[in-house]
Structure formats: structure tokens, C-alpha cells
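Structural characterization, general
Now for the letters of each chain:
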Amino acid sequence: MDIRSLQLFHHLASSLHFGKTAEAMYVSPSTLSRAIQRLEQECDTILLVRDNRSVNLTAAGEKMRDFAADTLMHWSQLKADFSKNNQQLSGQLKLFCSVTASYSHLPTILDKFRARYPQVEIQLTTGDPNSAIDKIVNKQVDIAIAVVSPDFPAHVHHQHLDSRPLVMICPAVTKITRLEQVDWRKISMILPESGPSKRIVHHWLTEHGIRPKVYANVAGHEAIVSMVALGCGLGIVPKVVVDNSVARDKVNCIPLTDIESFQLGLCCLTERAQEPLIKSMLNVS
């Protein structure tokens, strides 16, 4: 017994006409007759009674009609389930973010994404957030968490993720807790070497007429926090970096109400934003 035989019998049990069923099921009348005969042999009973004028189901045929209907319904549902599973996204998605973002923002995104698309493999790389756009443009990664700035490249798509304030940090040993306590003639600063924070910090210092003594220019916010914790000077970093730093107890945070916040976005090349894997990641963020 096979599915095709059941399909033929099920249709014939409804039409009660060999010619109509043969035409509808795209088989010859002789092929249909042989299929019904094989089915009767497998069941070891007569399913149909026919003469030159009519076709009728026997009592066994009526039971077989119900069995065929149930079996074909379950078979159809099973194929639909298989098809649904086969249509699930699969493949590999290369993602980049800073170490801090991997703690602060990525878990929520990945929890949602993995629940919806369990067959997609995520390859995560962490590093200096200032290199995120270069990695996207050079196609080293598919998608990244990056800071969106006024000079953001037009060919890079970004979807807003979060806004994060910047704070000034001082070594805890200095007891400085307010901006008014800072003596810019004596205290040095650790400045960002590149990236959006370099522009934001430079703009803030210029607006306040501050020309700080520069202890060092450093790549990476985590490194700035570490150097401030060691007593090398002051720094300005996103508060989220301090909150997730192992050195957070060794620095004091001073809120800066008039400094531009970091605008975080989930970014990819604009030309790739509609690719199924990337689009799905953007949709869950």
C-alpha cells in the first residue's frame, strides 16, 4: 500500500466513476483499475462493486475510504511541517561588536534571534568599535554594532539600537566627584586616539575652552578606563563601558549633561540589508 494508491482510491470513492477519476488523477483507466485491484489484494477484501453502469463501495470500501481520508490528511500535514522546517533560515552570520557591547547589548539580540532561527550559526568577533565600519565595508563581517555619527558612510545601513551617555572618569584615589573640582593645570587626560569619541571629546573640550595636558592617546574605551584606574589621568568614555569594566570600582564617574551621547546602531552594507540572514537580524533588534 502506498500514498498514490490511497489518493486514487480516495478520489474514486468520491466520484464513483473510473473515467472521471482517471482523468482527474492523470492516469489511464487501466492503470487505475490495476491500482484498485492491488489495494484489494493487500486488504484481502472487495472494496468496490462495479458493473457497466455503476460503481459502489462495499462496507469494507467505506472503511477504507475513511482510512484513506485520515491517512492523506496526516500525510499532507506531515509534508507541510517538513516544508516549514526546511524553509527555516540556516547558514552562518558573521557579527562584530566591542567587548562591552557583547555584554550590554548583544545577549538580548541573540536571545531573540536564536529563538526564531536556531539553525543559523553566529560567528562573533569582538574588538575596537572604531574598526566596525571598516570590517563591514571590507566584508570581513556581515553585521556589526557601531556608533552612528554625522559623518556615517551613506553606503552603510544603520538601524537605531540605543543611546548611551558619555561620562568623565577620574581615579577613585583623587576623591574628585564633581567637574568643578578638576584642576586642568595639574591633571592630565587620556584621550581617544580615533573614532566617534575623538570628535565628541574634542568638541566638548573646545566648547568649554579646555586645553588639557595629554598623558596619552589610546585606542579603545576599555583601555582608557584601565589607564584612569591606574591614576594616569582623566578620561571621557561611554558610561556603559565603565559599568561593565573590571576596574569600575577604581574610578569615579562625573556626569556630563552637555556632551553628545553615543548613538548605537546595528549596521550592515546598504546593498546587503535585504539578504535573508541580515534582514532577520535587523528585524529582531
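Our subject is the structure that appears above.
Owing to the predicted nature of the structure, the values given are computational and were not obtained by experimental measurement. Each chain has its residues counted from 1, running along the sequence as written. For a predicted model such as this one, the threshold for reporting local features is a pLDDT of at least 70, and the threshold for listing and counting side-chain atom pairs is 80 or more; totals across whole chains, interfaces and linings nevertheless cover every residue. As a rule here, side-chain values come from all non-hydrogen atoms in the structure, and water together with hydrogens is ignored.

This part takes up the nonpolar core. Among the buried residues, those of types Ala, Val, Leu, Ile, Met, Phe, Trp, Tyr and Cys that are joined through side-chain atoms within 4.5 Å form a nonpolar core. Burial classification: accessible surface area is computed with a 1.4 Å probe over protein chains only, and a residue below 20% of its type maximum counts as buried, one above 50% as exposed, and the rest as partly exposed. Ranked by internal contacts, the top residues of the largest apolar core, which has 22 residues, are Met 168, Trp 204, Leu 234 and Ile 236. Sorting the residues of this core by element identifies strand S7 (166–171), strand S8 (188–192), helix H8 (196–207) and strand S12 (262–269) as the ones contributing at least two each. In this text, helices come from DSSP runs of H or I with a minimum length of four residues, and strands from runs of E with a minimum of two, each type numbered from the N-terminal end. Counting residues per element, this core draws most heavily on H8, which supplies 4 residues. Here, two residues are considered to be in contact whenever any of their heavy atoms come within 4.5 Å of each other. Not counting residues up to four positions away in its chain, the partners in contact with Trp 204 are Met 168, Leu 179, Ile 210, Ile 236, Leu 256, Asp 258 and Ile 259.

Strand pairing follows a simple DSSP-based rule, namely that at least 2 bridges must link the two strands. Across the sheet, which stays open at both edges, the 3 strands sit in the order S10-S7-S11 with antiparallel pairing between neighbours. Where the open sheet ends on each side, the last strands, each with one partner, are strand S10 (235–238) and strand S11 (251–255). Mean inter-strand twist for the sheet, computed between neighbouring axes without regard to direction, equals 40°. The sheet contact formed by S7 and S11 spans 5 bridges and is antiparallel. Opposite Pro 171, over in S11, you have Val 251 as the bridge partner. Geometry is summarised by axes, namely lines fitted to C-alpha atoms with helices restricted to the contacting stretch, and by angles between N-to-C directions that run from 0 to 180 degrees.

Turning next to the pairing of S12. Most of S12 is tucked away, with 7 of its 8 residues classed as buried. Bridge count between strand S6 (residues 156–164) and S12: 8 bridges; the pairing is antiparallel. Bridge pairing in S12 links Val 156 to Leu 269.

With that settled, consider the packing of aromatic side chains. In this analysis, rings of Phe, Tyr and Trp, with Trp reduced to its six-membered ring, are considered paired at centre separations within 6.5 Å, and the interplanar angle assigns stacked below 30 degrees, edge-to-face beyond 60, and tilted for intermediate values. As enumerated under the stated definition, the model contains 1 aromatic pair in all. Pairing Phe 113 with Tyr 117 gives two aromatic rings, centres 5.1 Å apart and planes at 50°, and the pair type is tilted. A relative accessible area of 0% means that Phe 113 is categorised as buried.

An ideal rise of 1.5 Å per residue puts 18 Å on 13 residues; helix H1 (residues 3–15) measures up with 18 Å between its terminal C-alpha atoms. All buried positions along H1 are accounted for by Ser 5, Leu 6, Leu 8, Phe 9, Leu 12 and Ala 13. Across the axial projection of H1, the buried residues extend over an arc of 160°, all falling on one side. Where H1 begins, one side-chain oxygen reaches toward the backbone nitrogen of Arg 4, 3.2 Å away; that side chain belongs to Asp 2. Leu 16, located one to two residues past H1, shows a positive phi value of around 50°. Expected span of a helix, by definition, is 1.5 Å for each gap between consecutive residues, and there is one gap fewer than residues. Taken from the helix axis, the directions to the C-beta atoms give the arc we talk about. Polar contacts here mean pairs of N or O atoms no more than 3.5 Å apart (in protein, one a potential hydrogen donor and the other a potential acceptor; neighbouring residues in sequence count only if both atoms are side-chain atoms).

As a further point, take the sheet that holds strand S5 (residues 143–147). Taking strand neighbours across the sheet as the criterion, the 5 strands line up as S4-S3-S5-S12-S6 in an open arrangement whose pairing is mixed. Either end of the sheet is taken by a strand with one partner, and the two such strands are strand S4 (120–126) and S6. Averaged over all neighbouring strand pairs, the angle between strand axes comes to 25°, with direction disregarded. Pairing geometry for S5 and S12, over 4 bridges, is antiparallel. Looking across to S12, one finds that Val 147 is bridged to Leu 264.

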